[in-house]
Amino acid sequence: MACFLATTVAAVAVGAVKSAQRPSADAAQAPGTTPAPATSRHKVPWRRRLTWLFNLFAGGSVLLALEHIWHGEVIFAPPFLTAMSSAEETAAMWREIGTVGVGMVLIILAAWGLMVFLAERVEVFQRLALRTK
C-alpha cells in the first residue's frame, strides 16, 4: 500500500544529514596529488558512508514506488494512495507502514552496516597483504 513512504522518509533524513556535513579535506585536494594520511581510525569517510546509505534508501524508495504505481495502489489524483479512500483501509495502510516499511528500513540499515564493516576490513586486509610482500 504505502510501505515505500518509510524508506522515503529515511532517505530524506539521511540526505539532510549528508547535506549538513562539510566536505572533507580529501575532496578539496588537487587532482593527481597524494591524499594526506587519515587522522581518523576509519578508512571509509563518513560522508561516503552516508552516500551509500542515501543511495540504498532512495533506490529502494523509487523501485517500491514504481511497483506500487504498477499495481494501481498509487494514483495521480487525490487522495494519491488508494488505501486512503476509507478509514479502514487507511488504518491498514498505517499498520503496513509501521510493520513492513519500518522493517525494510531496519534491513537496509543492517545491510549498510555490513557494507561499512566489510569495506573497513577489506582495507585492513589489503594493507596486511602489502606488508607481507
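The paragraphs below set out a description of the structure included in this document. Since the model is a prediction, treat every value here as computed from it, not as a measurement.

### Re the packing of aromatic side chains
Going through the model one piece at a time under the given rule, you end up with one aromatic pair. Relative to Trp112, the ring of Trp46 lies with its centre 6.4 Å away and its plane at 70°, an arrangement referred to as edge-to-face. Pair noted here: Trp46 is in helix H3 (residues 46-70) and Trp112 is in helix H4 (residues 87-132), with a separation of 66 residues, a long-range link. By relative accessible area, which is 43% here, Trp46 ends up partly exposed. In this structure Trp112 comes out as buried when scored by relative accessible area, which is 14%.

### What to know about the side chain of Ser61
When you line up the elements, Ser61 lands in helix H3. Here Thr7 takes part through its side chain, which lies 2.9 Å from a polar atom of the side chain of Ser61. Contacts of Ser61, omitting those with residues within four sequence positions, involve Phe4, Thr7 and Thr8.

### A look at unusual backbone geometry
Cis geometry is adopted by the peptide bond preceding Pro79, which originates at Pro78 and carries an omega value of 10°. You can see Pro79 is positioned in the loop between H3 and H4.

Reading guide: rules and limits
- Residues numbered from 1 in each chain as written.
- Predicted model: local features only at pLDDT ≥ 70, side-chain atom pairs only at ≥ 80, totals over all residues.
- Heavy atoms only, no water.
- Phe/Tyr/Trp six-rings, centres within 6.5 Å; stacked < 30°, edge-to-face > 60°.
- Helix = DSSP H or I, 4+ residues; strand = E, 2+ residues; numbered from the N terminus.
- Buried < 20%, exposed > 50% of the residue type's maximum accessible area, 1.4 Å probe, protein only.
- Polar contact = N/O pair within 3.5 Å; in protein donor to acceptor, adjacent residues only side chain to side chain.
- Contact = heavy atoms within 4.5 Å.

By themselves these figures say nothing about function.
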